[in-house]
Amino acid sequence: MCLHADVKKDWSDHALWWEKKKTWLLKTHWTLDKYGIQADARLLFTPQHKLLRLQLPNMKHMRVKVNFSDRVFKAVSDICKTFNIRHPEELSLLRKPRDPKKKKKKLEEAEEEALDPLSPTSAWFGDSPLSEGNPSILAVSQPITSPDILVKMYKPQSLLDKAKINQGWLDSSRSLMEQDVKENEVLLLRFKYHSFFDLNPKYDAIRVNQLYEQAKWAILLEEIECTEEEMMMFAALQYHINKLSIMSSENHMNNSEKEIDEVDAALSDLEITLEGGKTSNTRVPLMLSNFYLHLRPKKLTLKGYKQYWCTFKDITISCYKSREEAHLTPAHQMNLRGCEVTPDVNISGQKVNIKLLIPVADGMNEIWLRCDTEKQYAQWMAACRLASKGKTMADSSYSLEVQNILSFLKMQHMNPDPQIIEPITTDINPECLVSPRYLKKYKNKQISARILEAHQNVAQMSLIEAKMRFIQAWQSLPEFGMTHFLAKFQGGKKDELIGITYNRLIRMDAGTGDAIKTWRFSNMKQWNVNWEIKMVTVEFADEPSLAFICAEVDCKVVHEFIGGYIFLSTRAKDQNESLDEEMFYKLTSGWI
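Residues numbered from 1 in each chain as written. Predicted model: local features only at pLDDT ≥ 70, side-chain atom pairs only at ≥ 80, totals over all residues. Heavy atoms only, no water.

Definition in use: UniProt positions are given in the numbering used here, feature names are shortened, and annotations may be inferred rather than shown by experiment.
Within an unreviewed UniProt entry, the label attached to the protein reads Fermitin family member 2, and the organism entered is Cyprinus carpio. The heading Sequence similarities (unreviewed entry) in the UniProt record of the protein holds the text "Belongs to the kindlin family."

**Regarding the overall build of the protein**
For clarity, the threshold we go by: Only DSSP runs of H or I with at least four residues qualify as helices, and only runs of E with at least two residues qualify as strands; both kinds are numbered from the N terminus onward. The rule is simple: take the accessible area with a 1.4 Å probe, protein chains only, and divide by the maximum for that residue type; under 20% is buried, over 50% is exposed, in between is partly exposed. Should any heavy atoms of two residues lie within 4.5 Å, those residues are considered in contact. Surface accessibility in these figures is a Shrake-Rupley result with a 1.4 Å probe; residues are shielded only by whichever protein chains are displayed.
On a plain count of helices and strands, the protein comes out with 16 helices and 24 strands. A total of 592 residues make up the protein; the buried ones form 54% of that total. Restricting the contact set of the protein to residue pairs at least 6 apart, pairs at least 24 apart contribute 65%. Within the structure as shown, the protein displays about 28,700 Å² of accessible surface, and the carbon and sulfur contribution to it stands at 51%.

**A short note on the sheet that holds strand β19 (residues 496-500)**
In plain terms, the rule: At least two bridges found by DSSP between two strands is the condition for calling them paired. A fitted line through C-alpha atoms represents every axis, and for helices the fit uses only the stretch in contact; the resulting angles, taken between N-to-C directions, go from 0 to 180 degrees.
Strands sit in the order β21-β20-β19-β18-β24-β23-β22 across an open sheet of seven strands; the sheet is antiparallel. Of all strands in the sheet, those with a lone pairing partner are β21 (515-520) and β22 (524-530), marking the two edges. Across the sheet, the mean angle from the axis of one strand to that of its neighbour is 30°, orientation sign disregarded. The sheet contact formed by β22 and strand β23 (residues 535-540) spans six bridges and is antiparallel. What sits directly across from V529, in β23, is V536.

**Regarding helix α13 (residues 444-455)**
To keep things clear, this is the line we draw: Every helix has an expected span of 1.5 Å times one less than the residues it contains.
Given a rise of 1.5 Å per residue, 12 residues ought to cover 16 Å, and the 16 Å separating the end C-alpha atoms of α13 matches this to within 8%. Looking at the buried positions of α13, the neighbouring elements they touch are α7 (228-248) and α12 (436-441).

**Topic: the pattern of salt bridges**
The condition is simple: In the sections that follow, a salt bridge refers to a side-chain nitrogen of Lys or Arg positioned within 4 Å of a carboxyl oxygen of Asp or Glu.
Here the structure, examined in full by the defined rule, presents 24 salt bridges. Residue E340 is joined to R504 by a salt bridge in which the shortest nitrogen-to-oxygen separation is 2.5 Å. One end of the pair, E340, is in strand β15 (residues 340-346); the other, R504, is in strand β20 (residues 504-508), with 164 residues separating them in the sequence. In this structure, E340 and R504 share a single accessibility class: buried.

**Structural notes on the nonpolar core**
As a reminder, the rule being used: In this description, a nonpolar core means a group of buried Ala, Val, Leu, Ile, Met, Phe, Trp, Tyr and Cys residues linked to one another through side-chain atoms lying within 4.5 Å.
With 71 residues, the main nonpolar core has L54, F83, L93, L176, I451 and W474 as its most contacted residues. Considering each element in turn, this core owes the most residues, 10 residues, to α7. If sequence neighbours within four positions are ignored, W474 has contacts with H194, F196, L211, A215, I224, F234 and F480. Core analysis: the second largest hydrophobic core is formed by 38 residues, Y154, Y502, L505 and V529 among them.

**Re unusual backbone geometry**
Despite not being glycine, D198 shows a phi value in the positive range, around 55°. Within the secondary structure layout, D198 lies in the loop between β10 (186-191) and α6 (205-220). Here E222, not a glycine, exhibits a phi torsion of approximately 60°, which is positive. Along the polypeptide, E222 turns up in the loop between α6 and α7. Judged by relative accessible area, E222 falls into the buried class, the value being 18%.

**Concerning the side chain of T46**
Mapped onto the elements, T46 comes out in strand β4 (residues 42-47). Looking at T46, the relative accessible area reads 7%, which means it is buried. Not counting chain neighbours up to four residues away, the residues in contact with T46 comprise D13, H14, A15, W17, W24 and M177.

**So, the packing of α6 against α7**
Selection rule: Roughly parallel refers to an angle under 35 degrees, roughly antiparallel to one over 145, roughly perpendicular to one between 65 and 115, and oblique to any angle outside these ranges. In this scheme the handedness of a crossing depends on how the near helix is turned from the far one: anticlockwise by less than a right angle means left-handed, clockwise means right-handed. Note that Gly is not counted as nonpolar here; it falls among the polar residues with everything else outside the nonpolar set of Ala, Val, Leu, Ile, Met, Phe, Trp, Tyr, Cys and Pro and the charged set of Asp, Glu, Lys and Arg.
One way to put it is that α6 packs onto α7 with a least axis distance of 11 Å and a crossing angle of 135°. When the interaxial angle is binned, α6 and α7 end up oblique. Between α6 and α7 lies a crossing of left-handed hand. Along its contact with α6, which presents Y212, K216, I219 and L220, the element α7 presents M231, F234, Q238, I241 and N242. A breakdown of the residues in the contact of α6 with α7 according to their chemical character gives six nonpolar, two polar and one charged.

**Digging into helix α16 (residues 581-588)**
Formally: What the arc describes is the spread of directions from the helix axis to the C-beta atoms.
For α16, every residue scored as buried is listed here: F584, Y585, L587 and T588. Buried residues along α16 cover an arc of 165° about the axis, so they all sit on one side. Exposed residues lying more than 90 degrees from the buried face of α16 are E582 and K586. Looking at the buried side of α16, the elements it contacts are α2 (72-83), β22 and α15 (555-568).

**So, the environment of G564**
Mapping G564 onto the fold places it in helix α15. G564 sits in the buried class, given a relative accessible area of 0%. Linking G564 and F584, residues 20 residues apart in sequence, is a C-alpha distance of 7.0 Å. Apart from residues no more than four positions distant in its own chain, G564 is found in contact with Y193, F584 and T588.

**What to know about the packing of aromatic side chains**
Under the convention used in this document: Aromatic pairs are defined between Phe, Tyr and Trp rings, using the six-membered ring for Trp, whenever the two ring centres lie within 6.5 Å; interplanar angles under 30 degrees are classed as stacked, those over 60 as edge-to-face, and all others as tilted.
Taken as a whole and judged by the stated rule, the model has 20 aromatic pairs. Judged by centre distance (4.9 Å) and plane angle (55°), the rings of W30 and Y35 are tilted. On the basis of relative accessibility, which here comes to 18%, the residue Y35 falls in the buried class. Ring centres of F196 and W474 lie 5.9 Å apart, and the angle between their planes is 20°; on these two criteria the pair is classed as stacked. Residue F196 is located in the loop between β10 and α6, and its partner W474 is located in helix α14 (residues 463-476); the two are separated by 278 residues in the primary sequence. Of the two residues, F196 and W474, both sit in the buried class.

**A word on the environment of Q460**
Within the secondary structure layout, Q460 lies in the loop between α13 and α14. Exposure remark for Q460: the relative accessible area of 76% places this residue in the exposed category.

**Points about the environment of A454**
Mapped onto the fold, A454 is located in helix α13. Note on A454: relative accessible area 1%, which makes it buried. Residues A454 and M232, spaced 222 residues apart in sequence, show a C-alpha to C-alpha distance of 6.6 Å. Once you skip the residues sitting within four places of it in the chain, A454 turns out to touch M232, A236 and M414.

**Thoughts on the confidence of the model for the protein**
As a reminder, the rule being used: You can read pLDDT as the predictor saying how much it trusts each residue, on a scale of 0 to 100.
Mean pLDDT for the protein: 83, with 80% of residues reaching 70 or above. Across residues 114-121 the pLDDT falls below 50, and counting only partners more than four positions away or on other chains, this stretch makes 11 contacts in the model. Counting contacts from residues 297-302, a segment whose pLDDT is below 50, to residues more than four positions away or on other chains yields five contacts.

Here it is, written out as structure tokens:
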């Protein structure tokens with residue numbers, strides 16, 4: 001046995017590392033014989049705490065001292081405690097994806113340093129910041145200073161590219177050393193689970209800003225799809241946030257407190273927009289007239305719509321040929337439990353449609369609903385979203401969901417009075433505010449004009465409110481929170497995609513991204529993994545079981561996403577801040 005030890009160092013943080021078995025020898029009461037160590041074993045006596053270079057959601061790099069012997073879940077909790085980020089269970093560490101167009105690793109590293117020249121000076125050791133840095137700086141949004149930054153960053157070109165990024169998630173139940181993470185290696189700290197609990201501006205200034213930054217970069221790098229009008233709305237919010245951030249940078253803390261007081265009542269809990277939680281006395285509509293329905297079998301045209309009198313009761317839409325026949329048997333009836341609900345909206349074109357994919361025995365039926373007004377759209381969209389989860393319009397979250405949808409639509413409206421639109425100034429740089437797709441489609445001057453026009457809808461917002469609205473708008477996008485993995489389903493002949501969100505699994509076409517079949521977690525009985533053949537099997541209460549083999553990714557990653565979302569669904573506001581780590585490992589590790 002060869003033992004390396006530096007006697008000049010403080011050994012209190014040192015432990016033995018068995019390289020061959022990739023194991024920490026942390027049970028000091030065990031003998032080497034009990035560990036199964038022979039005389040020829042090579043053990044390394046090394047510090048447990050080592051430096052990592054973390055890229056935060058805002059794309060800035062920090063050098064942080066992390067315990068390489070802790071499980072990743074615990075290490076992330078400690079990192080978040082250092083950065084004052086609540087609910088660390090929502091975040092994890094991800095290996096940086098390699099851009100296939102850049103063959104030389106050194107070139108990427110050089111560009112990385114160029115993107116963030118301050119990275120060597122920003123470091124934390126435990127709870128004590130080095131240099132003049134402190135966590136509160138992470139609550140400040142820093143505008144993108146050059147379009148070159150966007151040009152150099154990796155952009156996934158397809159759903160398969162997005163799936164490959166997700167191969168890099170670290171195993172939360174194993175330590176960094178066990179996963180071959182090296183000292184000073186760059187890892188990405190990201191919100192892994194898109195279920196943001198108890199998001200409150202009073203306590204979450206850093207968490208809100210980092211969520212905003214992750215959303216901003218996802219949109220700019222086209223990691224998530226959005227319409228042209230939505231892009232201009234996001235650009236306007238980003239422009240507004242940039243302006244206010246610069247204005248308040250000299251006296252950030254005082255401004256933050258003032259902003260929080262202004263929006264505390266309306267925005268104290270963003271989590272409500274996902275699951276509800278406030279009661280309302282607003283009258284709930286159960287029947288709406290002049291609603292148009294279109295069945296997908298024929299090519300979608302306006303002539304294809306057929307008018308029905310529709311009622312929405314509980315989680316079922318019933319369609320009648322006329323209002324007078326509403327007491328008879330409906331011509332069509334659709335139970336929306338487990339359906340996929342997607343907006344099809346173009347504000348300037350006065351199109352406010354809803355696309356439904358309704359589960360049937362052999363897949364999904366595609367139904368289109370065409371609304372007459374934005375109010376009608378908001379009411380029906382909110383009802384459809386709740387019904388997909390098995391909830392009715394009597395649920396306390398219905399009225400707030402309607403309000404959020406209307407607010408989202410309002411922000412996309414263009415100002416009809418060009419006289420009050422701000423003149424184009426040099427402080428607006430469209431190349432840093434919209435994704436490359438729209439830079440190719442329009443001239444910079446045209447984009448700037450549209451951003452300033454959209455800015456009129458958000459110009460009166462405070463800084464914290466604008467960030468919260470940006471996050472809410474991000475959550476409203478159809479692809480929000482969807483994590484993709486390449487998979488081969490049992491009985492299938494080709495590779496497809498499995499999409500995982502906070503409440504469901506989705507079988508998807510790998511080329512188009514179209515949903516083929518959806519399964520809700522609420523209907524799940526259990527899930528198992530055959531580790532030898534890397535097959536995940538999920539059993540449901542009243543549906544055939546689902547089985548698929550993970551392609552190009554360890555099935556442990558997929559298993560952890562399912563278990564992680566189940567774990568997050570057990571959180572409650574009356575609980576204290578402590579996490580049940582053992583329950584997380586039981587649901588996600590696959591070994592207990």
